[in-house]
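# Structural characterization, general
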Amino acid sequence: MERSPGRVWRAWLTRAGLLGLLVLIAGCSQNYHQTTLLPRSDITRLIDDLFMTTVWWAVVVFVLVEGALVYALFRFRSRPGDPEPEQTHGNTTVEIIWTVIPAVILAFIAVPTVKTIVKTSLPAPNPQVDVEVIGHQWWWEYRYPKLGVVTANELVVPVGKMVNLRMWSADVLHSWWSPQLASKRDVFPIFNNTRDKKINPLWFTADSVGDYSGQCAELCGIQHARMGLRVIVKSEADFESWVAKERVGSPLVEGGKVAAAIDSAWKADTVHTKGQAAFMSGGCIACHAMVGTPLAGALNLRGPNLSHTGGRTTIGANMYENTPSMLAQWLRDPQGMKQGSHMVLPRPLTEAEISALVAYLRMHQ
Amino acid sequence: MATSVLEHKAPAIPHHYPKTGFWSWITTVDHKRIGILYGATAFIFFLIGGIEAVIMRLQLIGPNGKLVDPDTFNALFTMHGTTMIFLGVMPLSAFFFNFFIPLQIGARDVVFPRLNAFSYWVFLLGAIFINVSFLVGAPPDGGWFGYANLTSARMIPSTAAAPAPGLNIDFWVIGLQILGIASIAAALNFFVTIINLRAPGMTLLRMPMFVWMSFIVQILLLLAFPVITVALVFLMMDRNFGTSFFMPDGGGDPVMWQHLFWIFGHPEVYILILPAFGIASEVLPVFSRKPLFGYTAMVFSGVFIAFVGFGVWSHHMFATGMGPFADTFFSLATMVIAIPTGVKIFNWIGTLWGGSLRFTTAMLFAVGMVALFIVGGLSGVMHASPPADLQQTDTYFIVAHFHYVLFGGSIFGLAAGAYYWWPKIFGRLLDEKLGKAHFWLTFIGMNLTFFPMHYLGLHGMPRRVYTYPEGLGFEFLNQVETVGAFVIVLAFLLFIVNIIKTWMGPANAPADPWHGATLEWSIPSPPQEFNFPNLPRVGSSVPQWDAWRAAGGKLPEPVRVSGDDIHMPNPSYWPLMAAIGLTILMSSLMLIRQWDYWYAITLFGTAWLFFSVYRWAFEPTGH
Amino acid sequence: MDAHAAAHGHEDHAHPTPGLYGKIAAVLFVLTALEVLAFEVGRRPDWPMHALIEPLVVPILLILSAAKFALVAMFYMHLKQDSKLFSNLFVWPLIIAAAIILALIVLHAYWIKASF
Amino acid sequence: MAHAATAHADSGHVDEHHWTSTGLNSRKIAIWGFIGSECLFFASLISTYLVYKGKSLVGPLPHTESQCMLDGKMQTCEAIFEIPLVTFGTAVLLFSSFFVVLALYGAQKGDRKMLLTWLSATVLCGLFFVGMQVYEFYHFYHKGLGYSTNLFGSTFYTLTGFHGSHVTLGVIWLSTMLYLAVRGKLTPDKSLNLEMAALYWHFVDVVWIVIFPVVYLMR
Ligand code: HEA
Ligand code: HEA
Ligand code: CUA
Ligand SMILES: [Cu+2]
């Protein structure tokens, strides 16, 4: 990851130039939470360097060629009484020159391209956190097989550790894209009997703590636009405690069983019992795993694992803040909140059920 | 003289067919009239595609737009892309192929005039067919490249909101299949015409550059369309007969669709741009008063682009993860194409260099095309770098790229052709004042609309999103783009005004208003039915300039002759009948999931088609 | 008319005769028989030379069918004596077609080999 | 006179000169261009067959026994292909190519008997081949291979089905020529009409020359 001072300087200059231009165009400062131009990981920095190399060459070519064009337009415009210009048909020397020069420039683009291909498309050199990413219409499932965590839409990773994603889809093609951290890869459907498993890899090491947004980037149906995602980079300690919390009742840990002590504490809690009753009678269980319910250990359900909904910052695949009122609205009218989504309730919920469910879901951090 | 067996005793039918009126257009086999039909139809569809774009732009003017539903938006960009490409740019190119290939090579018609009529009618019916989907409420919504398995019926989930797979994608599949037949028929016709009907003396390396580029386009059409035909057949089978060509649950592979589509799709983009390149290569020399610089290099760069263009398709698929070797191969192959394209750009500048430039509207559009295509080409080279493309693919950065090459390239080139050739086609010169306003507004509007897309893409805006949330910094640039789109609308409204104004004005165009270099300028405007009373003899790639020099700098205005002794092929309605039969046959495939006896209609359409083809084959053509 | 007369003349004189056509038919027949033979030897371990032929079946089949293809194209389709133009119209698409078939097979094989 | 530039019924180019730039007949160039285009059509079908070779999730399979659904239950099914029959069909198709070239020879030389004999033979061979394919499909279906049973079935039927439909079209075209020949209208100066049909027919034959080893004989 060593970068020569010259390259760093150049990259910053480019960025400054581009951003400067942008500010000029935009006329006001904007926040870009999903930009590719402010890379925040090893791999996106590699890509950014490469991209900036191509941008610089493009700028050079652009200026020279458009310059020549515009010059010719002004210099050679006809004036009244012009004689017929000299009827040149070609000039082998210049034709050879302007075939060779672009070829040389392309070589300057091609060499770093191939180098970067080699660096970025090989399997993760040093994977430290393994995550399985599964695309669903229109939400993301994340499984941490070694840590025993199953969550949705918000990928939580520790800073400075190489995260290795293995990605596939449960239905149609999607593309997992986190611009600042990892660039993107398509995810392909895999069914139980698929033979050549097209599991796409992607790896990155985040270099600073923070929230990064991203989005599905392959048309996947009606709510493709709202198949957002978020990568939350935590310090190592925060990540550890997050994992410990998420492991409670995770489908990957003893089939979702929770410790007897927790279980009895919940049984004594009316928010929990009322909510769970609504969860069962409202039909949620058909599609969602939820800690403490009989299907807590189930994988491959239609909807996200709701066991720790309270701990997530958004609902509906990075569509809405996870606030009580938004959650209530979501349960009142999921189709109105996200038209066409696969969350179709068997029957409308009563307001009482909704508030019970909201409290119940939010209590499980 | 030997004649074909198929018209054994051709009666000497006198020319008593009506030359005007509805029926004369329905039965016409005149390449010029068919060209005009193509042009008018395609322009209407271009406007429809433009209106679809404008609705999208309105939806995206601000965050969380509510103008259209999400599924309507999906239909809008699918139909916008499909319409612009298959019903806009391709048939607009066919407009110029039809009208000007025979004129530029000194021929009286194309080799197979009735086949020509057939391709137009099939195109028209296919275009209507695919747009009927809006009327029945099932417009295609799987994107213009219809990626499986989203487009495979089994993957369209049946929820309470959307019970059974609709006909949306079926319209697209069958519609493209119909349009493909039209394209192949037309391509075969022009291909043979260019090979075989060149005037005496017109060797291959004396053909006008527009004819050369058109020639290459026909080859690309002939070789690329069969591939998408097969892909569409597979998709249709997956949708209707439970096969698994692109379905993983049966062992199939959705990536195979992508391969087949882009093996067609990449040559297709050169099908879209080369006619514009050809037009620019006609217009720039004429208004520089200098022959095209580097003619031979222009020819061979075109051939090279087309040939290599068959080996780069996977640059649309870097995100599928093909592995380092394939990535490297397709990346390098793609970059190589920049070299011959650069040769073209430089030769155009070389043509301008040292010339005496007249900035007519046609010239402005041609120069604009060169200037804007460079921008699109350079972003293309950025996509060609696979790791970088992983950040760009499926974002507005790509949308910026292809609008620069398609709008800045193809549409500008075609507009240059329209202004350049209008007097030849209609005998009237378009208004230059309005024309220049059209150009400048289009140029400004186009950059306002599409330049900010580069930034949006790099800042993380994916394409094909019906809306975007606030707070990601997308608002302002999207607003600018929408404003830009309206500037383009204004520009094209001016163009329409110009057309109407010119239409109502007098037919005053001389045979050669621009001092053109090629054969079409040696005959009256508009040309007579038989084009050339006598076959011209050609001694160079600028025959009209030769004639002009030989005449000492002034050529007399060509006179109209009676042409009674020149036999032109008879009009015929069998091409239209055959096209109808074909459309019935293809449409019946829409019913497979709806009606058990769908094949009755297939058989009916096939019978109709065969009957028409036989009548066509045995029809006397009057000579 | 002289252009045509010339073209006509030069096309006509080299036309093969029914005798040649017959010989080619015989060769085609033999080659087909060889193809089937290679196939049979390849799939029957108890046949002579099985071990030798087995790994070679695919190349043998490709070579034999290419030979048959060429014979029909050159003689029955008259490419050998007809204008070069026709050969070009056939051979270039064939090259592109073959390249595409090969490329698709190679591209697809990557997924089977790669193990992530 | 066979190759003299004939003014074809559909040629718009009808002045006294019958000018063509290459001296070649336009319709013949067209049929060759079409054949070139068809190469890509069959290439796409063949690549798909090859890419999906060995990827079927259930039987039946072309060359080996496998588990498949037959008569409503999973059972061991025999290999699908029966090489002798298809070899015979292949030979018939090859010979039909030979026959049509003789018919064309007859047409060009004005040898009516030769023309009629061999053209009829060609049509019969073509009909036999189509019949063979219909029988094969029927037979395979009853051995458990439906169109959507597995990838092998889908790719096999699509590829050979499209080839078969080309053969059928060829038979119709050649029959039309036979009809003209019987009516005495296929005179030497019009033999180009037959030559075009024959070129198409040979093309269909060479496609089969590829399909036969690639599909039937490669295991
Ligand atoms: C008119 C149509 C047209 C044309 C001509 C081109 C031309 C090119 N295109 Fe483009 N392309 C499209 C239409 C076109 N494209 C469309 C429609 C899509 C998107 C499809 C979709 O997803 O919907 C697309 C997408 C697309 C992609 C896939 C992006 C993605 O989805 O991830 C790529 C990747 O390589 C690419 C590359 C190129 C290149 C390298 C060229 C080159 O041919 C350009 C060459 C030209 C120049 C380079 C400029 C002039 C040259 C010089 C001045 C010489 C000096 C230059 C250098 C030394 C660099 N294009
Ligand atoms: C030649 C091809 C071509 C052309 C000319 C255009 C022209 C335009 N396109 Fe393009 N576009 C594509 C080809 C083309 N497009 C393709 C292939 C896609 C990808 C589709 C996909 O993802 O599947 C695409 C996608 C696409 C998108 C992205 C959609 C998405 O990903 O979500 C957008 C968004 O702004 C857009 C906008 C425009 C605009 C504003 C124009 C304007 O330039 C249009 C200008 C023309 C007019 C405006 C017509 C003028 C009309 C009149 C004068 C009538 C006036 C009357 C009224 C308005 C009432 N297009
Ligand atoms: Cu998932 Cu788009
Ligand atoms: Cu491309």
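Residues numbered from 1 in each chain as written. Chains lettered and ligands numbered in written order. Predicted model: local features only at pLDDT ≥ 70, side-chain atom pairs only at ≥ 80, totals over all residues. Heavy atoms only, no water.

Before going further, it helps to spend a moment on the site of ligand 1. Surveying the vicinity of ligand 1 reveals 33 residues, the closest of which are Trp144, Asp389, Thr393, His401 and Arg463 of chain B. Around ligand 1, the neighbouring residues derive from chains A and B rather than from a single chain. Contacts to ligand 1 include His315 of chain B, whose side-chain N or O atom sits 3.5 Å from an oxygen atom. In the model, an oxygen atom of ligand 1 is placed 2.7 Å from a nitrogen or oxygen of the Thr393 of chain B side chain. If you list the elements that add at least two residues to the shell around ligand 1, you get helix H3 (92-121) of chain A together with helix H7 (254-288), helix H10 (338-352), helix H11 (361-383) and helix H13 (396-426) of chain B. In terms of residues, the shell around ligand 1 owes the most to one element, H11 of chain B, which gives 6 residues. (Near = heavy atom within 4 Å. Polar contact = N/O pair within 3.5 Å; in protein donor to acceptor, adjacent residues only side chain to side chain. Helix = DSSP H or I, 4+ residues; strand = E, 2+ residues; numbered from the N terminus.)

All names here are of chain B. For chain B, the assigned domains read domain 1 (28-157 + 166-550) and domain 2 (575-623). Placing the centre of domain 1 and that of domain 2 at their C-alpha centroids yields a distance of 30 Å. Contacts between domain 1 and domain 2 engage 20 residues on the former and 18 residues on the latter. At the boundary of domain 1 with domain 2, total buried surface from both sides reaches about 1,800 Å², with 78% on carbon and sulfur atoms. On the domain 1 side of the contact with domain 2, Arg114, Phe118 and Leu125 bury the most area, a combined 34% of that side's loss. (Domains from an automatic or database assignment. Contact = heavy atoms within 4.5 Å. Buried area = accessible area lost by both parts, 1.4 Å probe.)

Turning our eyes to something else, we now look at the coordination of the iron atom of ligand 1. Residues and elements named next belong to chain B. Inspection of the coordination sphere of the iron atom of ligand 1 shows a single protein donor, His401 (NE2), at 2.2 Å. Separating the iron atom of ligand 1 from the copper ion (ligand 4) is a gap of 4.5 Å. Secondary-structure assignment places His401 in helix H13. (Donors = N, O, S within 2.8 Å, 3.2 Å for Na, K, Ca; no water.)

All names here are of chain B. In the contact formed by H10 and H11, the axes pass within 11 Å of each other and the chain directions differ by 155°. By the criterion of interaxial angle, the relationship of H10 to H11 is roughly antiparallel. For the pair H10 and H11, the crossing hand works out as left-handed. Between H10, through Ala338, Thr341, Ile345, Trp348 and Leu352, and H11, the contact on the second element is made entirely by Met363, Met369, Val370, Phe373, Ile374 and Val381. For the contact of H10 with H11, a count of residues per class yields 10 nonpolar, 1 polar and no charged. (Axes fitted to C-alpha atoms, helices over the stretch in contact; angles between N-to-C directions. Parallel < 35°, antiparallel > 145°, perpendicular 65-115°, else oblique. Left-handed = near helix turned anticlockwise from the far one by under 90°. Nonpolar A, V, L, I, M, F, W, Y, C, P; charged D, E, K, R; others polar.)

Our next topic: the side chain of Asp170 of chain B. Relative to the elements of secondary structure, Asp170 of chain B occurs in helix H5 (residues 168-196). Within the local environment of Asp170 of chain B, its side chain forms a polar contact with the side chain of Arg239 of chain B, the two groups lying 2.9 Å apart.

This next bit is on the site of ligand 2. All names here are of chain B. Around ligand 2 lies a shell of 34 residues, among which Arg57, His80, Trp144, His403 and Arg464 are the nearest. The side chain of Arg463 places a nitrogen or oxygen atom 3.1 Å from an oxygen atom of ligand 2. In the model, an oxygen atom of ligand 2 is placed 2.7 Å from a nitrogen or oxygen of the Arg464 main chain. Of all the secondary-structure elements, those providing two or more residues to the shell around ligand 2 are helix H2 (31-59), helix H3 (70-105), H13, helix H14 (432-458) and helix H15 (475-504). In the shell around ligand 2, the residues fall into 25 nonpolar, 6 polar and 3 charged.

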